[in-house]
Amino acid sequence: MRFPVISVLLAGALMAAFGDIRTRQTNIKCVTRDPSYAKALVCRLNVLGRGIIGANVHVKLLKLPVRKVSINFSIFQKLSGYHPFLFNVTADLCHYMKHPNPLNVFYYFYGAMLPFINVNHTCPINHDVILKDFVLDDQMFAKVPLPKGSYMFEIKIISEGVWRGTIYSYLDINVDDNPRIKSG
Ligand SMILES: *[C@@H]1O[C@H](CO)[C@@H](O)[C@H](O)[C@H]1NC(C)=O
Ligand SMILES: *[C@@H]1O[C@H](CO)[C@@H](O)[C@H](O)[C@H]1NC(C)=O
Ligand SMILES: *[C@@H]1O[C@H](CO)[C@@H](O)[C@H](O)[C@H]1NC(C)=O
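Residues numbered from 1 in each chain as written. Chains lettered and ligands numbered in written order. Predicted model: local features only at pLDDT ≥ 70, side-chain atom pairs only at ≥ 80, totals over all residues. Heavy atoms only, no water.

(A) Seen up close, the nonpolar core. Among the nonpolar cores identified, the biggest contains 48 residues, and Phe109, Phe141 and Phe153 are the most heavily contacted of them. Setting aside its immediate chain neighbours within four residues, Phe153 contacts Phe73, Ser74, Ile75, Phe109, Phe141, Leu146, Ile167, Tyr168, Ser169 and Leu171. (Core = buried A, V, L, I, M, F, W, Y, C linked by side-chain atoms within 4.5 Å. Buried < 20%, exposed > 50% of the residue type's maximum accessible area, 1.4 Å probe, protein only. Contact = heavy atoms within 4.5 Å.)

(B) Structural context of the pairing of strand S4 (residues 69-79). Two strands pair when backbone bridges link them, and S4 and strand S7 (residues 149-159) are joined in this way by 9 bridges, in the antiparallel orientation. Residue pairing in the sheet places Gln77 in a bridge with Tyr151 of S7. Taken together, the 9 bridges between S4 and strand S5 (residues 81-92) define a ladder with antiparallel strand orientation. Within S5, the position partnered with Asn72 by the bridge is Thr90. The turn linking S4 back onto S5 is made up of 1 residue. (Pairing = 2+ DSSP bridges. Helix = DSSP H or I, 4+ residues; strand = E, 2+ residues; numbered from the N terminus.)

(C) Looking closely at the environment of Leu114. Topologically, Leu114 is positioned in the loop between helix H3 (105-113) and strand S6 (129-134). Sequence separation between Leu114 and Phe134 is 20 residues; the distance between their C-alpha atoms is 9.3 Å. Once you skip the residues sitting within four places of it in the chain, Leu114 turns out to touch Met97, Tyr107, Val119 and Asn120.

(D) The site of ligand 1, seen in detail. Asn72, Thr90, Lys156, Ile158 and Trp163 make up every residue found near ligand 1. One nitrogen or oxygen atom from the side chain of Asn72 is found 2.4 Å from an oxygen atom belonging to ligand 1. Thr90 places a polar side-chain atom, nitrogen or oxygen, 3.0 Å from an oxygen atom of ligand 1. Taken by itself ligand 1 offers 360 Å² of open surface, and the protein chains cover 45% of this. (Near = heavy atom within 4 Å. Polar contact = N/O pair within 3.5 Å; in protein donor to acceptor, adjacent residues only side chain to side chain. Areas by Shrake-Rupley, 256 points an atom, 1.4 Å probe, with all protein chains shown as cover.)

(E) How the structure looks around the side chain of Thr166. Inspection of the secondary structure puts Thr166 in strand S8 (residues 162-173). The contact partners of Thr166, leaving out residues within four places of it in the chain, are Lys29, Cys30, Val31, Glu154, Ile155 and Lys156.

(F) Spatial organisation of the packing of aromatic side chains. Counting across every chain of the model gives 10 aromatic pairs. Between Phe73 and Phe153, the ring centres sit 5.6 Å apart and the planes meet at 80°, which makes this aromatic pair edge-to-face. Within this pair, whereas Phe73 is found in strand S4, its partner Phe153 is found in strand S7, the two being separated by 80 residues in sequence. Phe153 carries the same exposure label as Phe73, and that label is buried. Arranged with centres 5.8 Å apart and planes meeting at 65°, the rings of Tyr82 and Tyr170 form a pair that is edge-to-face. With Tyr82 in strand S5 and Tyr170 in strand S8, the pair connects residues that are 88 residues apart, well separated along the chain. (Phe/Tyr/Trp six-rings, centres within 6.5 Å; stacked < 30°, edge-to-face > 60°.)

And the structure:
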């Protein structure tokens, strides 16, 4: 499913009401489904400075090159348990690396990661995937209507048509309790 452009714009309009945004990553988990295809060597949050938390991921790919990648990206809000919230999109990563479109909700988030991830080029991918010290840019959330609370981003990675693994990224938006940081 392509997420309609209009929804991102509408979301931006809604978000205008929320004002100042503070975000914090609280946990990250990487689950690979086939150790002969991919291994998560690193998957953790690091404290980079006071209140600054960076995500670090190193996934070793054992069957190169990778020519087709699609991502199922959904957001869950934590209430009692995690519930699907707002976005559930499938995106062809190779397509968006060739034709970047910041109005696409997937690329809107992926674009913010480009300075930190080595998959910042068109396909194929011929190397391990490394995300280094990725810090959430509070501005990323200026255009998406995520109200105060705790969220989980579920990022399912499908390559050559096979579901290879899932990254779970946990973050708080405008939550003031004690910073906690976990990794797993
Ligand atoms: C990803 O999303 C597509 C389209 O909604 C769906 O057909 C596919 O089964 C999903 N894959 C996984 C691994 O969830
Ligand atoms: C997202 O949509 C796909 C297919 O449309 C469905 O299989 C999946 O369960 C949905 N995920 C969430 C979190 O709603
Ligand atoms: C892509 O990522 C690599 C490794 O992180 C970096 O050296 C390179 O400058 C990046 N290229 C672009 C166009 O951002």
